[in-house]
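Residue-level structure breakdown
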Amino acid sequence: MTLTVGIDIGSVSTKGVLFDGKQYEHRIIPTGWSPSQAGKDVLARLLEPQGLSPDNIDRIVGTGYGRIQEGMFDQTYSEITCHARGAHFLFPGAGGLIDIGGQDSKVISFGERGKVLDFVLNDKCAAGTGRFLQVTAQALGLEVSQLAELAEGAAPAAINSMCAVFAESEIIGLLAQGIPVEMIVSGLLHSIAKRITIMSGKIRFQDTIVFCGGVAQNTVLQDLIRLEIGCRLAVPSCPQAVGALGAAVLGHDQIGIPC
Ligand code: ADP
């Protein structure tokens, strides 16, 4: 059996996938202060429960901002290449993806075998990224995982500031005016959906779009993006691991085993 591992060392979390050509397992851990240690830790967490060592793995493929770790990987690819390959593997009928991670957001269209056709990337500011959600959740004394449930069905408050730095003070101002927390969170999610829709407008899509990255776990945001973009949106069971999965699938591609 051919086994590959994909490791996506992100700004917030490090994702690892062990892949046998059909099935895969994933692990997610915080990246913390040492991307190389996070890469090693996620590899150990994938392999040890299976009684495997790195010698049993045919290719270890890296991606994410922390992928430049000397000696750790047999090969590295950009996050754009890996996300497109992973999304295509999971949803072969899809024509593109939206990825909202901790530090950036991207919209990618792809063709056969996940080959990238076009993309738009926002990595210049935290607006509309997971970092923006983390800062605002913190200002409200909440966890990011609580935001969707809170915003469900709430009317959106008008949020003017998309800058993570200014959003915190704007939220404090809105709370002082007596605006309910659920309306503030709803307003934030609406503003993220609008922003990614504007980015998506620059790419021509056909068929289904895959929504991935940590922020894709927010079910209210899933619905808002579906409405705004007006096309089918597929959300993987673990949207955060799509880039790592793509890296592992690319490992199989390299060996020449089609999957
Ligand atoms: P990166 O690759 O940059 O590390 P990820 O794709 O792992 O980013 O996503 C991290 C982001 O996911 C965090 O900034 C956080 O805002 C968001 N996130 C994590 N868990 C959840 C959740 N349960 N619901 C919504 N967003 C979440």
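Read on for a plain summary of the structure. (Residues numbered from 1 in each chain as written. Predicted model: local features only at pLDDT ≥ 70, side-chain atom pairs only at ≥ 80, totals over all residues. Heavy atoms only, no water.)

Around the ligand, the structure places 19 residues, and the nearest of them are V12, S13, K15, G102 and Q134. Here an oxygen atom of the ligand and a backbone polar atom of G130 are 3.0 Å apart. Bound to the protein, the ligand loses 88% of the 580 Å² it would expose on its own. At the level of secondary structure, the elements contributing two or more residues to the shell around the ligand comprise β2 (13-19) and α3 (130-139). Here the element with the most residues in the shell around the ligand is α3; it accounts for 3 residues. Partitioned by chemical class, the residues of the shell around the ligand number 3 nonpolar, 14 polar and 2 charged. (Near = heavy atom within 4 Å. Polar contact = N/O pair within 3.5 Å; in protein donor to acceptor, adjacent residues only side chain to side chain. Areas by Shrake-Rupley, 256 points an atom, 1.4 Å probe, with all protein chains shown as cover. Helix = DSSP H or I, 4+ residues; strand = E, 2+ residues; numbered from the N terminus. Nonpolar A, V, L, I, M, F, W, Y, C, P; charged D, E, K, R; others polar.)

Right, let's talk about the sheet that holds strand β3 (residues 24-30) for a bit. Strand order in the open sheet formed by 5 strands is β3-β2-β1-β4-β5, and the pairing between neighbours is mixed. The two strands at the open ends of the sheet, each matched to only one other strand, are β3 and β5 (75-76). Relative to strand β4 (residues 59-63), strand β1 (residues 4-9) runs parallel, the two sharing 5 bridges. Bridge assignment links T4 to a residue of β4, and that residue is R59. The strands touched by helix α1 (residues 35-47) are β1, β2, β3 and β4; relative to β3, the strand with the most contacts, the crossing angle is about 145 degrees. Contacting β1, β2, β3, β4 and β5, helix α8 (residues 242-255) crosses the sheet at an angle of about 140 degrees to β1. (Pairing = 2+ DSSP bridges. Contact = heavy atoms within 4.5 Å. Axes fitted to C-alpha atoms, helices over the stretch in contact; angles between N-to-C directions.)

Let us look at the sheet that holds strand β6 (residues 94-100). The 5 strands lie next to each other as β8-β7-β6-β9-β10, forming an open sheet whose pairing is mixed. Every other strand in the sheet has two partners, leaving β8 (116-122) and β10 (233-234) as the edge strands with one partner each. In terms of strand pairing, β6 meets strand β7 (residues 105-110) through 5 bridges, oriented antiparallel. Paired with I98 across the strands is V107, a residue of β7.

With that settled, the discussion passes to the nonpolar core. Core analysis: the largest hydrophobic core is formed by 33 residues, its most contacted members being I98, I100, L189, I196, F211, L221 and I225. Looking at this core, the element that brings in the most residues is helix α6 (residues 181-200), giving 8 residues. Those residues in contact with F211, other than ones at most four positions away along the chain, are I98, I100, A216, L221, Q222, I225, L233, A234, V235, P236 and P239. Ranked by size, the runner-up nonpolar core spans 15 residues in total, among them L3, I29, L43 and M72. (Core = buried A, V, L, I, M, F, W, Y, C linked by side-chain atoms within 4.5 Å. Buried < 20%, exposed > 50% of the residue type's maximum accessible area, 1.4 Å probe, protein only.)

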